[in-house]
Amino acid sequence: MPVILGEASILATPLSGVRIWALVSGCITFSLAASKGGTGAPSPTPTLTLTAPDHLVAPPLPQDVVHLHLVSVLHTFCMFVWCFFFVLTLLILAVTFVQFHSLLPFSWKNLTVTVSSLASLLTLVASVAFPWLVVASGKATGDGGGASVVATTIFSCLTCVAYAAETHLLRREQGGYMASVPGLLKVLQVFGGAMALLLVAEQAQYHHQHHQGESSSPPGPGWQVVGPGLAYGLCLAASLFTVAVMVGDCAGRCPVPFDRVLAALSMLGVLLYMAAAVMSSTKVLQMHQVVQHKVKVKVNAALRGGGAEEEMKVALVSEMVFACVTLLSYTVDLAFSVKLLCDRN
């Protein structure tokens, strides 16, 4: 089928309108975030260079290293989300205009709804994480910096609303498996698994920096970090496999009925996330006990990197929330899969 260039009326449809809205607001968002006043990344400050003997120079505190690393990771994550989905949306809009999607070897309707739904979730997280990391970085909000942060957050929220509106329009106009409730649950599982895995990686980094220098062979992260990490990684790979099969329109080529494969993967996800949710809840309870113990004892070390400890508390609670929400999505997905199997039988 030849490629037919579209008319200008294609850009006047509601679907193209929300995509242009997402492009404009997304471009403004990462432009403000990359500016001098809007970025939350820690920037170097001019200091007076003084020479001192090596034995008088204090090494950086492990908590300070973790603090700067977490702030840098969050800033990179936000910028990646805004820029990545801006590029994807621009490509989708261009392919739709030239009507090139009819020549693509995969399901275009499943791809577009997957991109829009995942973009709405990730931009929502970026809208919450960006103002928090600006505060966590201790950056001054003077000289218009505070207004720039507020503007960045507002336009990021507008971008999230645009992607959510695009998902709603795609579900109503195009349909497809990824536009159904089980398909959206798969997107939620990919999102939850990726975010939980990122938080576990930050906990492992904190553990490594916290025990650095204590002994020649510091202890490993422990089963409470490795166990959930393995569970999140396996479930994320299974969900990505399912999304890839549906977007690639390869379900009919599977030698086993694919609805049974989906039911088995959902059951595996429920079991693994039940264990991960228990382990993440245990970490939060242990953290609460440690906080209560520190309240009873004078801890002068609280002045020494308390910010990193507070950020790790946020990371632990966030991991527990993502694990519980993803467990709920796997449970609902398993119910849909079992119902589909019963109806077919």
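Keep in mind it's a predicted model, so treat the numbers as computed, not measured.

Draft legend 1. Main features of the nonpolar core. Of all hydrophobic cores here, the largest spans 46 residues; its most connected members are Cys78, Trp82 and Phe130. Within the residue set of this core, elements represented by two or more residues are α1 (14-34), α2 (62-98), α3 (108-136), α4 (145-173), α5 (181-210), α6 (223-247), α7 (258-296) and α8 (306-344). With 17 residues, the next largest nonpolar core counts Val190, Leu236, Val245 and Leu262 among its residues.

Draft legend 2. Spotlight on the pattern of salt bridges. Across all of its chains, the model carries 4 salt bridges by this definition. Between arginine 19 and glutamate 166 there is a salt bridge, with the nearest N and O atoms lying 2.9 Å from each other. Taken as a pair, arginine 19 in helix α1 and glutamate 166 in helix α4 lie far apart in primary sequence, 147 residues in all. For glutamate 166, a relative accessible area of 3% gives the class buried. A salt bridge links aspartate 333 to lysine 186; the shortest N-O distance between them is 2.7 Å. A residue pair is termed long-range when its members are at least 10 positions apart, and aspartate 333 in helix α8 and lysine 186 in helix α5 qualify at 147 residues. You'll find aspartate 333 and lysine 186 in the same group, each marked buried.

Draft legend 3. Main features of empty space enclosed by the protein. Tallying each qualifying case throughout the model produces 2 cavities of 30 Å³ or more. In this structure, the largest cavity occupies an estimated 70 Å³ of space. The set of elements that each furnish at least two residues to the lining of the largest cavity consists of α5, α6, α7 and α8. Across the lining of the largest cavity, the residue classes tally to 5 nonpolar, 5 polar and 2 charged.

Draft legend 4. Geometry of the packing of aromatic side chains. Summed over all chains, the structure comprises 8 aromatic pairs. Seen in terms of ring centroids, tyrosine 232 and tyrosine 273 are 5.5 Å apart; in terms of plane orientation they differ by 40°. Their pairing is tilted. One end of the pair, tyrosine 232, is in helix α6; the other, tyrosine 273, is in helix α7, with 41 residues separating them in the sequence. Neither tyrosine 232 nor tyrosine 273 differs from the other in exposure class; each is buried.

Draft legend 5. The environment of alanine 8, seen in detail. Take alanine 8: it is sitting in the segment before α1. Looking at alanine 8, the relative accessible area reads 62%, which means it is exposed. Considered as a pair, alanine 8 and phenylalanine 97 are 89 residues apart in the sequence and their alpha carbons are 8.3 Å apart.

Draft legend 6. Main features of unusual backbone geometry. In the Ramachandran plot, aspartate 249 falls in the positive-phi region, its phi being about 55° despite a non-glycine side chain. Relative to the elements of secondary structure, aspartate 249 occurs in the loop between α6 and α7. Assessed through its relative accessible area of 57%, aspartate 249 is described here as exposed.

Draft legend 7. Geometry of the confidence of the model for the protein. On average, the protein scores 79 in pLDDT, and the residues at 70 or more come to 73%. Considering each helix and strand of the protein separately, the mean pLDDT is smallest for α2, with a value of 81, and largest for α1, with 93. Between residues 42-63, whose pLDDT stays under 50, and residues either more than four places distant or in other chains, the model counts 12 contacts. Confidence drops under a pLDDT of 50 for residues 215-220, and excluding neighbours within four residues, the segment shows 4 contacts in the predicted structure.

Draft legend 8. Up close: the environment of valine 317. Position of valine 317 among the secondary structure elements: in helix α8. Valine 317 gets classed as partly exposed once you look at its relative accessible area, which sits at 34%. Separated by 30 residues in sequence, valine 317 and methionine 287 place their C-alpha atoms 9.6 Å apart. In this view, valine 317 contacts Val284 and Met287; residues no more than four positions away in its chain are not counted.

Draft legend 9. Inspection of a nonpolar patch on the surface at higher detail. Residues Trp21, Val150, Ile154, Leu158 and Val161 make up a contiguous nonpolar surface patch of about 410 Å² in total accessible area. Per-element accounting of the nonpolar patch gives the leading share, 4 residues, to α4. Mapped onto the elements, tryptophan 21 comes out in helix α1. The exposure class of tryptophan 21 is partly exposed, given its relative accessible area of 33%.

Draft legend 10. A look at the state of the cysteines. Evaluated as defined, the whole model comprises 0 disulfides. Unpaired in terms of disulfides, cysteine 27 finds its nearest cysteine sulfur in cysteine 83, a separation of 9.1 Å. Residue classification places cysteine 27 among the partly exposed positions, given a relative accessible area of 31%.

Draft legend 11. Region of interest: α1. With 21 residues, α1 extends 30 Å from end C-alpha to end C-alpha; this agrees with the ideal 30 Å at 1.5 Å per step. Those residues of α1 not exposed but buried are Leu15, Ser16, Val18, Arg19, Ala22, Leu23, Ser25, Gly26, Thr29, Phe30 and Ala33.

Conventions adopted
Residues numbered from 1 in each chain as written. Predicted model: local features only at pLDDT ≥ 70, side-chain atom pairs only at ≥ 80, totals over all residues. Heavy atoms only, no water. Core = buried A, V, L, I, M, F, W, Y, C linked by side-chain atoms within 4.5 Å. Buried < 20%, exposed > 50% of the residue type's maximum accessible area, 1.4 Å probe, protein only. Helix = DSSP H or I, 4+ residues; strand = E, 2+ residues; numbered from the N terminus. Salt bridge = Lys/Arg side-chain N within 4 Å of Asp/Glu carboxyl O. 1 Å grid on protein atoms, 1.4 Å probe; cavity = no way out; pocket = protein on both sides within 12 Å on 5 of 7 lines; lining within 4 Å. Points joined across faces, edges and corners; volume = space filled by probe spheres on them. Nonpolar A, V, L, I, M, F, W, Y, C, P; charged D, E, K, R; others polar. Phe/Tyr/Trp six-rings, centres within 6.5 Å; stacked < 30°, edge-to-face > 60°. pLDDT = per-residue confidence, 0-100. Contact = heavy atoms within 4.5 Å. Patch = residues over 30% accessible without salt bridge, like charges linked within 9 Å, V, L, I, M, F, W, Y side chains within 5 Å. Areas by Shrake-Rupley, 256 points an atom, 1.4 Å probe, with all protein chains shown as cover. Disulfide = S-S within 2.5 Å. Expected span 1.5 Å × (residues − 1).

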